[in-house]
Amino acid sequence: MINNQESRGLATLVSDLAQQVTTLLQTESRLLRAEMSEKISKAGAGAAEVLAGAICLLAALMVLLQALVIALASAGLGAGWSSLLVGIIVAVLGVILLRSGTKSMAPSELTPDRTQDQLKRDARVIKDQMR
């Protein structure tokens, strides 16, 4: 009879443990969802601020470029030639930045090479240890 009580006690303990683990996982899952929701909304607000800042900087750049055109025209270059010179310089700068940015975003540049190498080394170590 003691054996039967012990097995019921063990079964109860295992059942309680399973229930507690399930409850813990559910609680952790809710916490994760809440935290991710908060982080996503923070990131969204940050992205909106970055966009607003970029728009302000673009407007400032246009004003400064126009001031450069006026300064060159006042220096005797002529309004048309000043505008053409500033436009060409800005276009060349834009092409250089565009090419550089495109290279930086190439899939080969985004591959996590160090992580891949580490995973390969780990796999070799595991294989060696299995032998």
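Just so you know, these numbers come straight off a predicted model, no measurement behind them.

J.: I'm lost on the overall build of the protein chain in this one. Help?
T.: What the protein chain contains, in helices and strands, is four helices and zero strands. When the helices and strands of the protein chain are listed from N to C terminus, the series reads α-α-α-α. The C-alpha atoms of the protein chain give 32 Å as radius of gyration, which overshoots the globular expectation for 131 residues (14 Å, by more than 25%). Dimensions of the protein chain, computed from C-alpha atoms along their principal axes, come out at roughly 110 × 45 × 15 Å. By residue count, 2% of the 131 residues in the protein chain fall in the buried class. As presented, the protein chain carries roughly 11,500 Å² of accessible surface, and 68% of it is formed by carbon and sulfur atoms. Once the 13 positive and 11 negative side-chain charges of the protein chain are each reduced to a mean point, those two points are 7 Å apart.

J.: Is there a simple way to think about the UniProt feature "transmembrane region" (unreviewed entry) in the protein chain in this case?
T.: Here, the residues flagged by UniProt with the feature "transmembrane region" (unreviewed entry) are residues 50–73 and 79–98. Strand forms 0% of residues 50–73 and helix 100%; the C-alpha atoms that close the span are 34 Å apart. As a span, residues 79–98 carries 100% helix and 0% strand, and end to end its C-alpha atoms are 28 Å apart.

J.: Hey, could you run me through the environment of Thr27 in this one?
T.: Positionally, Thr27 belongs in helix H1 (residues 2–74). Separated by 35 residues in the primary sequence, Thr27 and Met62 place their C-alpha atoms 53 Å from one another.

J.: Would you mind showing me how to read the side chain of Ser82 here?
T.: On the secondary structure map, Ser82 appears in helix H2 (residues 79–104). When its relative accessible area of 0% is taken as the criterion, Ser82 is described as buried. The contacts of Ser82, once residues within four sequence positions are left out, are Val69, Leu72, Ala73 and Leu77.

What counts and what doesn't
- Residues numbered from 1 in each chain as written.
- Predicted model: local features only at pLDDT ≥ 70, side-chain atom pairs only at ≥ 80, totals over all residues.
- Heavy atoms only, no water.
- Helix = DSSP H or I, 4+ residues; strand = E, 2+ residues; numbered from the N terminus.
- Rg over C-alpha atoms; globule rule 2.2 N^0.38 Å.
- Buried < 20%, exposed > 50% of the residue type's maximum accessible area, 1.4 Å probe, protein only.
- Areas by Shrake-Rupley, 256 points an atom, 1.4 Å probe, with all protein chains shown as cover.
- Lys, Arg positive; Asp, Glu negative; His and termini not counted.
- Charge placed at Lys NZ, Arg CZ, Asp CG, Glu CD.
- UniProt positions renumbered as here; feature names shortened; annotations may be inferred.
- Contact = heavy atoms within 4.5 Å.

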